[in-house]
Amino acid sequence: MLDRRALRETDLLAFQIAITEAQSAGVMCSYNHVNGDFACENDYTLNQVLKHDWGFKGFVLSDWGGTHSTVKAALAGSGYGQPGDDNYFSDPLQQAVQDGKVPITRLDEMVHRIVAQHVCERRHR
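Read on for a plain summary of the structure.

Rules of the game
- Residues numbered from 1 in each chain as written.
- Predicted model: local features only at pLDDT ≥ 70, side-chain atom pairs only at ≥ 80, totals over all residues.
- Heavy atoms only, no water.
- Helix = DSSP H or I, 4+ residues; strand = E, 2+ residues; numbered from the N terminus.
- Rg over C-alpha atoms; globule rule 2.2 N^0.38 Å.
- Buried < 20%, exposed > 50% of the residue type's maximum accessible area, 1.4 Å probe, protein only.
- Contact = heavy atoms within 4.5 Å.
- Areas by Shrake-Rupley, 256 points an atom, 1.4 Å probe, with all protein chains shown as cover.
- Lys, Arg positive; Asp, Glu negative; His and termini not counted.
- Charge placed at Lys NZ, Arg CZ, Asp CG, Glu CD.
- Arc of directions from axis to C-beta.
- Core = buried A, V, L, I, M, F, W, Y, C linked by side-chain atoms within 4.5 Å.

### Let's talk about the overall build of the protein chain
For the protein chain, the count of helices and strands is six helices and four strands. Start at the N end of the protein chain and walk to the C end: the helices and strands fall as α-α-β-β-β-α-β-α-α-α. Taking 125 residues into account, the globule formula puts the C-alpha radius of gyration at 14 Å, and the protein chain, at 14 Å, falls close to it. With the principal axes as the frame, the protein chain shows a C-alpha extent of 40 × 40 × 25 Å. Across the 125 residues that make up the protein chain, the buried fraction comes to 36%. Of all intrachain contacts in the protein chain linking residues separated by at least 6 positions in sequence, the fraction that spans at least 24 positions is 60%. Carbon and sulfur atoms make up 53% of the accessible area of the protein chain, which totals about 7,600 Å². Within the protein chain, one finds 12 positive and 16 negative side-chain charges whose respective centroids are separated by 7 Å.

### Description of helix 5 (residues 91-98)
Here helix 5 has its buried residues at Leu93, Ala96 and Val97. An end-on view of helix 5 places all buried positions within 100 degrees of arc, on one side of the element. Exposed positions of helix 5 whose direction lies more than 90 degrees from the buried face are Asp91 and Gln98. In the segment just after helix 5, Gly100 is the residue with positive phi, at about 80 degrees.

### A few points about the nonpolar core
Counting residues in each nonpolar core, the largest one holds 13 residues, and the members touching the most others are Ile19, Val27, Leu50, Trp54, Phe56 and Val60. For this core, the secondary-structure elements that each account for two or more residues are helix 2 (11-22), strand 1 (26-29) and helix 3 (43-53). Once residues lying within four places of it in the same chain are set aside, the contact partners of Ile19 are Ser24, Val27, Leu50, Trp54 and Phe56. One finds Ala73, Phe89, Ala96 and Met110 within the second-largest nonpolar core, a separate group that totals eight residues.

This is the structure:
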């Protein structure tokens, strides 16, 4: 376990520099644990640090096998899983939205982040 300050000053620093300097369209969360949560289910690193503190406007996709849940991953800031791995972000996500476990506003954000990056990419061609 790393406290948040140590995490930001060590492991996250290289990612911060790369993501902010490159103005990345997307980032990939991994299957590793970060302070007890899978990286693709880590609200602190994805929502608080990446999206809020660093101002990341792009999308988050999982590494192969990086998604381990539907609700927790979606609420933590993951956007979608790898193609062909729809165990969590296909029908289960639709059901979670219908059951009120994932707000429709979160689904809207997921879609917006993906579409917005593709629109920007097409403008720069």
